[in-house]
Amino acid sequence: MTLMKAFLILEDGTVFTGTNIGSTKEVISEIVFNTSMTGYLEVLTDPSYAGQAVTMTYPLIGNYGVCYEDMESLKAWPDGFIVRELSRMPSNFREEDPIQKFLLDNDIPGICGIDTRALTKILREEGTMNGMITTNENYNLDEIIPRLKEYTVKGVVKKVTCKEKYVLEGKGPKVALLDFGAKKNIARSLNKRGCEVTVYPAFTKAEEILATNPDGIMLSNGPGDPKECTEIIEEIKKLYASNVPIFAICLGHQLMALATGADTYRLKYGHRGANHPVKDLATGKVYISSQNHGYAVDESTLNESVAKSAFINVNDKTNEGLAYVGKNIFTVQFHPEACAGPQDTAYLFDRFMDMMKEENANA
């Protein structure tokens, strides 16, 4: 088997030379890093990575192969995949295919054999930057660098949301889940608690959702800059004005903050991994969480009469969750549904269940 050379070119002119994995197509994307030691299939199928190429900081990826049951959506979403070493001979009793086949089937180009620690250090020190993955040995930096600087991630929520609504049957509370790029385990976590979950496309009007009298509304995770979602923010304002209990995760958390007058900003290199500590400000307890976001809510822009900080990131003190004053609404920046990652904060789904029961009892 002949191995083809591949190149990762960053917008600052740095070039990493390695070996091609997956598709041989050329891509320009935003280069980000994920610190998870396992869960690479869940990372590859997380719609929040649309428009990005993911660097895995753990050095060996693919050693337990691919088990399709673990996919968090129907396909892979990243533009590219960057690893130190790709295991071509997986060993696991659940393994169905090697990761190389999965990358090829999903037309995802990648590069292995590069120093991912050096790449991560550049991204941490200089901030997230754009890059190109190519197998063209005659690349021209003078021509490529301007193209890299021009690239922006746009229109990704439209790309990843479901095309039409669908229902997961259940005998418990009726939950409307707005899909901005939802991981499967969000709906599954509600469904296994008995909820009937109706999943709606991202651009569904608030009136259509409220007309079904849901017991609760869930705003999902998703990719891209929250400020780009102007139409969705207008609909969330209407959902906020209703008295329906709302639980929001990741992008949903940012959109609710924007809908209620707060601001968001881009983080230098984001939080991506399954080992991020967050502190519950009500109890002082610290939980290890799964995260994937490049933007955060600016706490200094919060109106204290509208929302209060509920969780903070222990590492950099950025906002990780909000509790809304006088409303049955709470939102978190991290992923309580995990997949992959620790299940420390799965109790938040139970909190949402209690909130819906309480609202029904008072109705």
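Residues numbered from 1 in each chain as written. Predicted model: local features only at pLDDT ≥ 70, side-chain atom pairs only at ≥ 80, totals over all residues. Heavy atoms only, no water.

Draft legend 1. Spotlight on the overall build of the protein chain. Of the regular secondary structure elements, the protein chain holds ten helices and 19 strands. For 363 residues, the compact-globule formula gives about 21 Å, and the C-alpha radius of gyration of the protein chain, at 21 Å, lands near that figure. Projected onto its principal axes, the C-alpha positions of the protein chain cover 70 × 45 × 40 Å. Classification of the 363 residues of the protein chain by burial places 56% in the buried group. A sequence separation of at least 24 residues applies to 75% of the contacts in the protein chain between residues at least 6 apart. For the protein chain, the computed accessible surface area is about 15,400 Å², with 50% contributed by carbon and sulfur atoms. If the 38 positive side-chain charges of the protein chain are averaged to one point and the 48 negative ones to another, these points end up 2 Å apart. (Helix = DSSP H or I, 4+ residues; strand = E, 2+ residues; numbered from the N terminus. Rg over C-alpha atoms; globule rule 2.2 N^0.38 Å. Buried < 20%, exposed > 50% of the residue type's maximum accessible area, 1.4 Å probe, protein only. Contact = heavy atoms within 4.5 Å. Areas by Shrake-Rupley, 256 points an atom, 1.4 Å probe, with all protein chains shown as cover. Lys, Arg positive; Asp, Glu negative; His and termini not counted. Charge placed at Lys NZ, Arg CZ, Asp CG, Glu CD.)

Draft legend 2. Just the state of the cysteines, in detail. Using the criterion set out here, one finds zero disulfides in the structure. Between Cys195, a cysteine without a disulfide, and Cys339, which holds the nearest cysteine sulfur, the sulfur-to-sulfur distance is 17 Å. A disulfide-free cysteine, Cys339 has its sulfur positioned 12 Å from the sulfur of Cys67, the nearest such atom. In this structure Cys339 comes out as partly exposed when scored by relative accessible area, which is 21%. (Disulfide = S-S within 2.5 Å.)

Draft legend 3. Local environment of the UniProt feature "binding site: L-glutamine" (unreviewed entry) in the protein chain. Following the UniProt record, the feature "binding site: L-glutamine" (unreviewed entry) maps to Ser48, Gly222, Gly224, Leu251, Gln254, Asn292, Gly294 and Tyr295 here. Spanning 248 residues, the named residues form one tight spatial group whose C-alpha atoms are at most 13.5 Å apart. Mapped onto the elements of the fold, Ser48 is located in the loop between helix 1 (40–44) and strand 4 (52–56). Other than its neighbours up to four places away in sequence, Ser48 contacts Gly181, Asn221, Gly222, Pro223 and Asn292. Mapped onto the elements, Tyr295 comes out in strand 16 (residues 286–298). In this structure Tyr295 comes out as buried when scored by relative accessible area, which is 16%. (UniProt positions renumbered as here; feature names shortened; annotations may be inferred.)

Draft legend 4. Region of interest: the packing of aromatic side chains. Counted according to the given criterion, the structure contains ten aromatic pairs. Residues Tyr240 and Tyr324 carry aromatic rings whose centres are separated by 6.2 Å and whose planes lie at 65° to one another, so their mutual orientation is edge-to-face. On the criterion of sequence distance, the pair formed by Tyr240 in helix 8 (residues 230–241) and Tyr324 in strand 18 (residues 319–324) is long-range, its members being 84 residues apart. Comparing Tyr240 with Tyr324, the two get one shared label, buried. (Phe/Tyr/Trp six-rings, centres within 6.5 Å; stacked < 30°, edge-to-face > 60°.)

Draft legend 5. Representation of the UniProt feature "domain: Carbamoyl-phosphate synthase small subunit N-terminal" (unreviewed entry) in the protein chain in the model. Using the residue numbers shown here, the UniProt feature "domain: Carbamoyl-phosphate synthase small subunit N-terminal" (unreviewed entry) corresponds to residues 4–134. With 18% helix and 34% strand, residues 4–134 has its two end C-alpha atoms placed 11 Å apart.

Draft legend 6. Structural detail: helix 10 (residues 347–362). The end-to-end C-alpha distance of helix 10, which contains 16 residues, comes to 23 Å, matching closely the 22 Å that a straight helix rising 1.5 Å per residue would cover. Here helix 10 has its buried residues at Leu348, Phe349, Phe352, Met353, Met355 and Met356. Buried residues along helix 10 cover an arc of 160° about the axis, so they all sit on one side. Exposed residues pointing more than 90 degrees away from the buried face of helix 10 are listed as Lys357, Glu358, Ala361 and Asn362. (Expected span 1.5 Å × (residues − 1). Arc of directions from axis to C-beta.)

Draft legend 7. Focus on the pattern of salt bridges. For the structure shown, the criterion picks out 15 salt bridges. The shortest N-O distance in the salt bridge between Glu207 and Lys238 comes to 3.3 Å. Here Glu207 is found in helix 7 (residues 206–210), whereas its partner Lys238 is found in helix 8, with 31 residues between them in sequence. Given the relative accessible area of 47%, Glu207 is considered partly exposed. Of the residues examined, Lys238 reaches a relative accessible area of 34% and is grouped as partly exposed. (Salt bridge = Lys/Arg side-chain N within 4 Å of Asp/Glu carboxyl O.)

Draft legend 8. Just the pairing of strand 3 (residues 27–34), in detail. Counting buried positions over the eight residues of strand 3 gives eight, a clear majority of the element. By the bridge criterion, five bridges tie strand 3 to strand 9 (residues 129–134) in an arrangement that is antiparallel. Its bridge partner lying in strand 9, Ser29 is registered against Gly131. Bridge count between strand 3 and strand 4: five bridges; the pairing is parallel. Across the sheet, the residue bridging to Val32 is Val54, located in strand 4. (Pairing = 2+ DSSP bridges.)

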